[in-house]
Structures are given as C-alpha cells and as structure tokens.
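The lines below spell out each chain.
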Amino acid sequence: EKSGYDHYMLKEIHEQPSALRQCLRGRIDDLEGTVTLEDLDGLAHDGPVQFVACGTSYHAALVGAERLRRTGIPAQVFLASEYATDRVPVGADTLVVGVTQSGETADTLRALREAARAGATTLAVTNTVGSSAARECDHALYIRAGPEIGVAATKTFASQQLALDLLAAALGDGSDRAALKALRDIPGQVQTILETSDARAVAEAFVDADGYFFIGRGYHYPVALEGALKMKEITYRHAEGFAAGELKHGPLALVTENTPVFAVVTGDDEAARKTIGNVKEVEARDAPVVAITDGESDVTRYADHVLEIPAIDELSASVLANVQLQLVAYWVANQLGRSIDKPRNLAKSVTVE
Ligand code: F6R
C-alpha cells in the first residue's frame with residue numbers, strides 16, 4: 001500500500017506531481033487563456049472574499065487570498081475557530097470560501113454556516129466529494145489530490161494552493177497566459193525537487209537542534225508558518241514560523257547557535273533583499289541558516305545550507321519551497337523515530353469545535 005515507502009507521508013509527498021496534474025486536468029484552456037472550474041458553474045462574483053480555514057488549510061488560504069488580492073479582488077483570511085467570535089462583517093455580496101481537505105472540520109463548517117445565515121454565498125475548496133462542506137456550501141471546488149492517509153497534510157496543501165490559483169484566475173479579470181503556463185509547470189518542478197533535494201542531509205545536520213525557526217515575506221510567510229507546523233506535528237520539537245520582518249520585534253531573543261533558521265527567499269526584489277537583511281541578523285547571533293531559494297539573490301552567501309528550488313514564477317514559489325520543508329520535517333522525524341503517519345494527540349479530521 002505504501003508502494004515501497006516507509007511512511008504514507010513520504011509516499012504522499014512523492015505523489016504531489018501527479019496530484020497537481022489532476023488538479024489542473026481539463027481546467028485550463030490554453031488557446032483562450034481561460035480557466036473553467038466545472039464545479040463553479042453560475043458563480044460570478046465581484047464582491048469581497050473571506051476565507052475560513054484551520055491549520056494547514058489556513059496557510060493555503062493565506063496564499064490564496066494574496067493571489068486574489070493581486071488580481072484586484074479584496075480578500076481576507078480568518079481562522080475558522082475565531083470567525084464567529086470576531087464578529088466579522090459579512091453580507092450578501094460576500095463570497096465565503098471554506099478551505100478544508102476533509103470537508104468535515106467542525107470549526108470550518110461552523111464558520112461556513114454562520115456565513116450562509118448572514119446571506120453570503122459559500123464555496124467549499126475540498127478534497128472530499130460528498131463531504132459535509134461540499135454538500136452544505138452553494139459551490140464546491142475539488143482539489144483532486146486523492147486520499148491522504150498521513151495525518152500531516154502534504155499533497156493536499158500543494159493541491160489547495162494550486163486550486164486557489166485557479167480560483168483567482170477564474171474570478172480575476174483578464175486572462176494571463178504566462179501565469180497559466182506557470183501553473184502548468186508546477187508539477188514538473190515539484191518532480192525536480194523530489195529528485196534532487198538535499199533535505200535529508202540538512203535534517204541530519206540539525207536533528208539535535210534546540211528548536212527550528214522559519215522566516216519568509218509575502219507569499220513565503222505562509223510557507224514559513226506551514227514549515228513550522230509540519231515540524232512540530234511530526235517531530236514534537238519546538239518550531240515557529242515568522243514573518244521575516246517580525247523577527248527583530250521579539251523572536252530574535254530565542255535565536256542561538258542551536259536554532260537553525262530556515263529562510264525562504266526567491267527572486268531578487270525588494271522583499272528578497274529585506275529578508276536577506278533579516279538573515280544577516282540571525283547570522284550575527286551564530287544561528288545556522290538554511291536558505292530555500294531559487295539562487296537568484298545572494299542569500300546563498302549567508303547560508304550554511306541551501307535547498308534549491310527551480311527558477312520560478314512567483315506563483316509557484318510557495319508550493320515549491322514548501323516541498324523542501326516537508327522533506328526536512330519528514331527526515332528529522334524519521335531520524336527521531338517518531339510515529340510519522342499518526343503523530344501523538346492528533347487526528348486526521350477534527351470534528352469538535
Ligand atoms: C496539519 C493538518 C491540520 C489540518 C486542519 C484542517 O498537517 O493536517 O492542521 O490542516 O485540521 O483540516 P481540514 O483541511 O480537513 O479542514
């Protein structure tokens with residue numbers, strides 16, 4: 001069943017290229033430069049968008065919201081468990097998108113129901129046909145990742161991000177052929193990473209660390225959060241993800257020579273240069289630096305280890321960088337002999353609020 005892999009998690013990490021191809025299948029029209037999402041028939045939306053989600057799906061929603069904002073659609077993200085408490089204003093012109101792999105997460109279902117009661121249109125972005133979220137929402141967008149057995153979400157995170165890229169393209173105005181082509185390239189780029197990654201060696205170098213920090217800006221901030229969540233879940237070690245600029249506002253006090261800092265830096269723009277500035281700050285505290293990078297900037301000069309991702313369009317950066325971090329978490333947990341597919345205290349789907 002595990003097709004020769006020691007764990008479902010590793011198998012599912014390696015299934016990402018095919019899962020991502022399934023997500024794209026039949027949805028992009030190259031000639032027209034358009035995206036058609038069969039499950040979204042009749043959804044024409046030009047009002048604000050609110051995302052509700054938990055855990056890894058929340059991180060995918062952060063990426064998705066940024067995509068929508070770049071196409072001119074106002075989009076916000078809420079932790080599903082905080083949505084009702086926050087008294088978020090929602091009305092008939094709002095599209096509320098629940099991102100939920102299982103489609104059964106109680107907090108997310110609750111938030112979607114509140115939104116529906118307030119008159120919003122609801123959309124489930126889910127992996128599970130026939131799930132509560134898919135049945136209860138006005139629309140469903142299936143991510144088509146196939147069954148995920150490992151408790152830690154891996155391939156479904158990648159597929160959620162790609163599905164939300166497609167949603168942004170479908171809802172946004174104007175088609176951008178280059179952007180759609182970039183989406184098509186993602187599965188092959190993930191394959192390249194899987195074949196060439198040095199994540200195992202990096203994991204082995206830092207298996208005895210006191211803690212792990214992950215930093216990124218913009219699209220890379222959710223990647224940092226997800227890198228830390230995966231590390232916590234399956235290694236039981238302390239890990240935190242930060243917006244790179246926040247490091248100096250407190251967390252820097254935790255940084256030592258025994259806390260590797262994983263910095264996600266792609267391109268060579270202002271955001272990259274600022275994150276490199278943050279990398280220098282941790283380097284000055286003797287922390288080992290692992291750069292997850294396409295090599296476009298000079299971050300490699302300040303890094304003790306480099307985890308490469310192919311030269312990329314920024315649309316694919318979050319998916320690709322995350323694959324390297326999935327592998328690091330997996331190999332640290334593997335070295336520690338953890339119960340990788342069923343981490344202690346965790347369940348695949350959380351059906352209580
Ligand atoms: C982390 C993980 C959880 C889920 C969260 C939401 O690896 O799997 O954080 O992402 O419980 O689950 P879904 O997406 O089913 O709503």
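Residues numbered from 1 in each chain as written. Predicted model: local features only at pLDDT ≥ 70, side-chain atom pairs only at ≥ 80, totals over all residues. Heavy atoms only, no water.

- As annotated in an unreviewed UniProt entry, the chain carries the name Glutamine--fructose-6-phosphate aminotransferase [isomerizing] and comes from Natrinema saccharevitans.
- Quoted verbatim from the Subunit (unreviewed entry) heading of the UniProt record, the comment on the chain is "Homodimer."
- Among the UniProt annotations of the chain, the heading Function (unreviewed entry) holds the following wording: "Catalyzes the first step in hexosamine metabolism, converting fructose-6P into glucosamine-6P using glutamine as a nitrogen source." (UniProt positions renumbered as here; feature names shortened; annotations may be inferred.)

1. Concerning the state of the cysteines
Right, so step 1: In this structure the tally under the stated criterion is zero disulfides.
Right, so step 2: Free cysteine Cys-23: the closest other cysteine sulfur is in Cys-137, separated by 17 Å.
Right, so step 3: Note on Cys-137: no disulfide assigned, nearest cysteine sulfur contributed by Cys-54 at a separation of 13 Å. (Disulfide = S-S within 2.5 Å.)

2. A few points about the sheet that holds strand 10 (residues 261-265)
Right, so step 1: Within the open sheet, the five strands sit side by side as 9-8-10-11-12. Their pairing is parallel. This sheet does not close on itself; its edge strands, each paired only once, are strand 9 (239-243) and strand 12 (305-308). Across this sheet, the average inter-strand angle for adjacent strands is 20°, counted without regard to direction.
Right, so step 2: Its contacts with the sheet put helix 12 (residues 314-335) on strand 8 (212-216), strand 10, strand 11 (289-293) and strand 12, and the angle it makes with strand 10 is roughly 165°. (Pairing = 2+ DSSP bridges. Helix = DSSP H or I, 4+ residues; strand = E, 2+ residues; numbered from the N terminus. Axes fitted to C-alpha atoms, helices over the stretch in contact; angles between N-to-C directions. Contact = heavy atoms within 4.5 Å.)

3. Notes on the nonpolar core
Right, so step 1: One finds Phe-51, Val-125, Leu-183, Tyr-212, Phe-214, Phe-262 and Ile-292 to be the most contacted residues of the largest nonpolar core, which totals 84 residues.
Right, so step 2: A total of 14 residues in this core trace back to one element, the largest contributor, which is helix 12. (Core = buried A, V, L, I, M, F, W, Y, C linked by side-chain atoms within 4.5 Å. Buried < 20%, exposed > 50% of the residue type's maximum accessible area, 1.4 Å probe, protein only.)

4. Thoughts on the environment of Met-231
Right, so step 1: Mapping Met-231 onto the fold places it in helix 10 (residues 220-235).
Right, so step 2: Sequence separation of Met-231 and Leu-325 is 94 residues, and the distance between their C-alpha atoms is 8.4 Å.
Right, so step 3: If near-sequence neighbours (up to four positions away) are discounted, Met-231 is found in contact with Tyr-212, Phe-214, Tyr-236, Arg-237, Ala-239, Val-328, Ala-329 and Val-332.

5. What about the site of the ligand?
Right, so step 1: Taken together, 13 residues lie around the ligand, and Ser-57, Thr-100, Gln-101, Ser-102 and Thr-105 are the ones closest in.
Right, so step 2: Between the ligand and Thr-56, the relevant distance is 3.1 Å, taken from an oxygen atom to a main-chain nitrogen or oxygen of the residue.
Right, so step 3: Mapped onto the shell around the ligand, the elements with two or more residues apiece are helix 3 (55-70) and helix 10.
Right, so step 4: For the shell around the ligand, the element with the highest residue contribution is helix 3, accounting for three residues.
Right, so step 5: Class assignment of the residues belonging to the shell around the ligand gives a composition of four nonpolar, seven polar and two charged. (Near = heavy atom within 4 Å. Polar contact = N/O pair within 3.5 Å; in protein donor to acceptor, adjacent residues only side chain to side chain. Nonpolar A, V, L, I, M, F, W, Y, C, P; charged D, E, K, R; others polar.)

6. Quick notes on the side chain of His-220
Right, so step 1: Tracing the chain through its elements places His-220 in helix 10.
Right, so step 2: In terms of polar contacts, His-220 uses its side chain to reach the side chain of Thr-266, at 2.8 Å.
Right, so step 3: Beyond its immediate sequence surroundings of up to four residues, His-220 is in contact with Val-264, Val-265, Thr-266 and Ala-317.

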